[in-house]
Structure formats: C-alpha cells, structure tokens
Amino acid sequence: MTAAENPSEVDRRPRARVGPLSGIRIADFCWMGVGAVATRMLADFGAEVVKIEAHDRLDMPRRLPIYKGEARSYGEEDPNPDPNKGGLFNNYSRNKLGVTINMKTERGQQLVRQLIAASSVVTENFAPGVMEKWGLTYEELDRLSPEVIYGRMSGFGHDGPHHKYKSYGPVVQAVSGISFISGLPDREPSGWGLSYMDNQAAYYNSAALLMAVLHRNATGRGQEIDVSAVEAGINLLGPDLLNASVNGVPTRRPGYPAGNRLLGQPAAPHGVYPGSAEDTWVAVAVFDDEQWTRLVTVLGDPEWARSPQQFADQRSRFAHQDELDEHLSRWTAQRTPHETMELLQSAGVPAGAVQNARDLTETDPQIAHRGTFFELDHPVIGVAKFEGTPIRFTETVQENWRSAPLLGEDNDHVFGEILGLEPDEIAQLTEAGVI
C-alpha cells in the first residue's frame, strides 16, 4: 500500500504549518518537561519544531511508566520500554517532527550543524556544558545561522557558582523556596507529587522565545536566552518574601504552613471538606458576612450557626475554625462534592468539587464546553486525549495536526527534504547508526 492509499500515513506526513509562528524552524534539543513543554507551545501555534533525539539516550518521558491501558508506579519502570508508547512523551511532543542523530559520531555532529544552519531558533535544556562539549556555543550557532535565537533552559542558569549543578523539578522546587513553604502545619517541608516547576518554568521559556522572535522581527538581531528554573520558582513566592522582608514574619512558624486555611485575612470556613463517598472532597471559601448568611441559608439555618460567641461575625468564625469545620464537614458528607458545589454556587457561595483526572476528562460540563481536551490518533498508542492551551483567541488557531513523532519518524523528510541528502545516503547513515 502506498502512502497515498493510507490516509493515516498521509495525515502524519510533515506539511506546511499554519499559525502566527509558521515559517519558524526550531532545532530542538529539549527533553523532559521544562524544555519540551516550552517548544510544544510554539509547535501548537505553527512553528516547525524538529526534535533531535538519540537511540541510545531516550527522552525520559519515552521511558516513564505512563502508558495507555497500563498502570505502574515510577518504581516499576520498564528497563526496555517501547519508545513509541510513552503517554507523557506523546503529550509533550505533539505537533513536532522527530529525528534521531548520534552525536557521538563526527557525521552526526555535521548533520546537526546542517540542521542548525537551516533553522532560525535553537533550543536546549541539557545540563550546562553539554552543548559546549559539542562546540555548539552561541558564537558557533550564530555563524551557522546568522541572527539565530538560542534558547537555553537550565535549573540554575548558565553562570554563577552553582551553574554546573544538575537539577530536576523537585530540586528546583526545593532550592527556589517552594518546598519550604509547602506541607502541613508543624511538619517538615513537603515535596510535590509532580515536577511542578518543569511546567511553570516552561512557560517562562516559551515567553522568552516569543519575545526574542519579536525583537528579531523589529531589529533583525538574534540573541542568546538564559532562563533559570530556580529564578522562575522564586517569582512565585512574592507575598511570602514580602511578609518576611517587610513584616519580619518567618516563613516557618508554629501553625504554618496552614494547609487549606487562610492566614492573610480572617476567612472562615475556608478549607476542603469530605463528600459522601470515600476520598471525595469539596472546597468552600467564605470571606464575608454576606457569603456566610447565604451559606447558612443553604445549610437550612441550623441552630449551631446562631451561636453569638462562635459564629456571629467573620472574626469569631475565624477564631473558631475547628468547631466550624466539624459542623460543615457533617453537612458536606451527606452529598457528593458536585452536589455541594452546585448548591452553594447557586446561592453565591464560592465552592468547588475537588476533581480527579476522570472528573476533568469525562464529566465536567464546563471543561467539556470549553473544549479543553482534544483527541489525536497515534500509530502505537491509538487515540488519546491531550490538554489544550488555556487561551481563547478570536483569530489565532491552535493547529493540532499530529500526535508525537515515533522515534526517528521524520528522518527521511528532515534529512532528505530539508537538508537535501539523497535516499541512498540516508539509508547508509541509518545502517551505520548515525541517524
């Protein structure tokens, strides 16, 4: 069967992109979330992102045990995973092209230089020193592709006493101060259940690349970008840093972090309360007497809510949060979180069901209406859901043209159509393990 007779194969063939970034080609060395999510944003809106990989060093999301139809913990990682089966990789690398190049070979490094010369943006998030080992400094890249934009993304930045330190999301969260203010009252600092800063720093990387493109459009000049994920994390701590520096209030003190309770102003009830089924929860936040009155009406005006010593005003409710939480928990435990949310929201009381992944993807009517999730087919994984960009444009379109590339899927197109190699040479390079 020819490609023309196979619609799924034709659909995956590289083609001209549409969107505000169409015409921009990115030689993308990024891996993991902090780099891959950054370039995914650009790929979503028309950039031709060519993801550079190697057979002997698979991108971590290709190896992680997050597979459709299988559930395993991170400690049960498959030592010989199918590189085309990783669900996280499929999500991170949608709308991108993928090539394999063995940078341990001289010919492989020549091919990378040819690809850079045919690109106007280069991105990477290796540990500092890796690109320099290959001679791929900003000066060299600018020689290969004049006025190139070189986006560098690392944990600590590319200068300073710690710039050579290696990092992943949990390390960045710890060093930036996020872990220190996270956790339960009077307990040790708590880590996060995911590499939170991998995704947060990625958006700074996307913004930096877009600003550099705008600058080049206006001036004709490229530049080198150096984004530190640790510094991105610090930017999330503004109120806490202000409280410590101006008011002299230490971050860690008795009763703090306060969990779900709010300390900045007397808000009560303010927390997460149980639903009728095991491990289901609903969040409720009451900030003033008017919202309290509405809440009491929904509760059926119970006698306990009339206590003048405990619940007469916001300050007394704030001072008696333990008792208030017990009363409210008994009420919320009689219904599902979504029923509680609808009852309270209808009365003008801020409340929201604590949703899991199934709620978000299958039952939430607001998310369904907004079209947050969309589906793409994949030759190995099959049809899978992806989260969209949480932005609505009246003119700009997010073009979701293909799921993530198979390992080396676009070698023929990139090396043949873009770099001009003959089919025989591509076959020889494949046989020799160069690509």
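In this report, the structure presented in the accompanying data block is examined.

Definitions and cut-offs
- Residues numbered from 1 in each chain as written.
- Predicted model: local features only at pLDDT ≥ 70, side-chain atom pairs only at ≥ 80, totals over all residues.
- Heavy atoms only, no water.
- Salt bridge = Lys/Arg side-chain N within 4 Å of Asp/Glu carboxyl O.
- Helix = DSSP H or I, 4+ residues; strand = E, 2+ residues; numbered from the N terminus.
- Buried < 20%, exposed > 50% of the residue type's maximum accessible area, 1.4 Å probe, protein only.
- Axes fitted to C-alpha atoms, helices over the stretch in contact; angles between N-to-C directions.
- Parallel < 35°, antiparallel > 145°, perpendicular 65-115°, else oblique.
- Contact = heavy atoms within 4.5 Å.
- Nonpolar A, V, L, I, M, F, W, Y, C, P; charged D, E, K, R; others polar.
- Phe/Tyr/Trp six-rings, centres within 6.5 Å; stacked < 30°, edge-to-face > 60°.
- Lys NZ or Arg CZ within 6 Å of the ring centre and 35° of its normal.

Details of the pattern of salt bridges
Thinking step 1. For the structure shown, the criterion picks out 24 salt bridges.
Thinking step 2. Here E290 ties to R294 by a salt bridge, and the two come within 2.6 Å at their closest N and O atoms. Of the two residues, E290 and R294 are both situated in helix α12 (residues 289-299); the distance of four residues between them amounts to about one turn of the helix.
Thinking step 3. Given a relative accessible area of 33%, R294 falls into the partly exposed group.
Thinking step 4. Among the salt bridges present, the one from R358 reaches E362, with a minimum N-O distance of 3.9 Å. Of this pair, R358 and E362 both sit in helix α16 (residues 357-363), four residues apart, roughly one helical turn. Exposure class is identical for R358 and E362. Each is exposed.
Thinking step 5. Three or more residues joined by partner-sharing salt bridges are found here, namely R12, R402, E409 and D410.

A closer look at unusual backbone geometry
Thinking step 1. A268 connects to P269 through a cis peptide bond whose omega is 0 degrees.
Thinking step 2. Here P269 shows up in the loop between α11 (238-247) and β9 (270-274).
Thinking step 3. Phi at M32 takes a positive value of approximately 55 degrees, unusual for a residue other than glycine.
Thinking step 4. Mapping M32 onto the fold places it in helix α2 (residues 32-44).
Thinking step 5. What makes M32 buried here is its relative accessible area of 13%.
Thinking step 6. Of note, the phi angle at N95 is positive, near 65 degrees, even though the residue is not glycine.
Thinking step 7. Along the chain, N95 falls in the loop between α4 (87-92) and β5 (97-100).

Looking at the packing of helix α8 (residues 169-176) against helix α9 (residues 196-219)
Thinking step 1. Between α8 and α9, whose axes approach to 7 Å, the crossing angle comes to 80 degrees. When the axes of α8 and α9 are compared, the pair comes out roughly perpendicular. Along its contact with α8, which presents G169, V172 and Q173, the element α9 presents Y196, M197 and D198.
Thinking step 2. Classifying every residue of the contact of α8 with α9 gives three nonpolar, two polar and one charged.

Observations regarding the environment of Y67
Thinking step 1. Mapped onto the secondary structure, Y67 falls in strand β3 (residues 66-67).
Thinking step 2. Linking Y67 and F89, residues 22 residues apart in sequence, is a C-alpha distance of 10.0 Å.

Focus on the packing of aromatic side chains
Thinking step 1. Taken as a whole and assessed by the stated rule, the structure comprises nine aromatic pairs.
Thinking step 2. The interplanar angle of 35 degrees and the centroid separation of 6.2 Å between the aromatic rings of F29 and W134 together place this pair among those described as tilted. With F29 in the loop between β1 (25-28) and α2 and W134 in the loop between α6 (130-133) and α7 (138-144), this pair connects stretches of sequence that are 105 residues apart.
Thinking step 3. By relative accessible area, W134 is classed as buried at 14%.
Thinking step 4. Aromatic pair F156 and Y165: ring centres 5.8 Å apart, planes at 85 degrees, arrangement edge-to-face.
Thinking step 5. Classification of F156 as buried rests on a relative accessible area of 14%.
Thinking step 6. Given the relative accessible area of 47%, Y165 is considered partly exposed.
Thinking step 7. The rings of F29, F126 and W134 are connected pair by pair, giving a single aromatic cluster.
Thinking step 8. The ring of W31 is capped by R57, whose NZ or CZ atom sits 4.2 Å from the centre of that ring.
Thinking step 9. The ring of F89 is capped by R62, whose NZ or CZ atom sits 3.7 Å from the centre of that ring.

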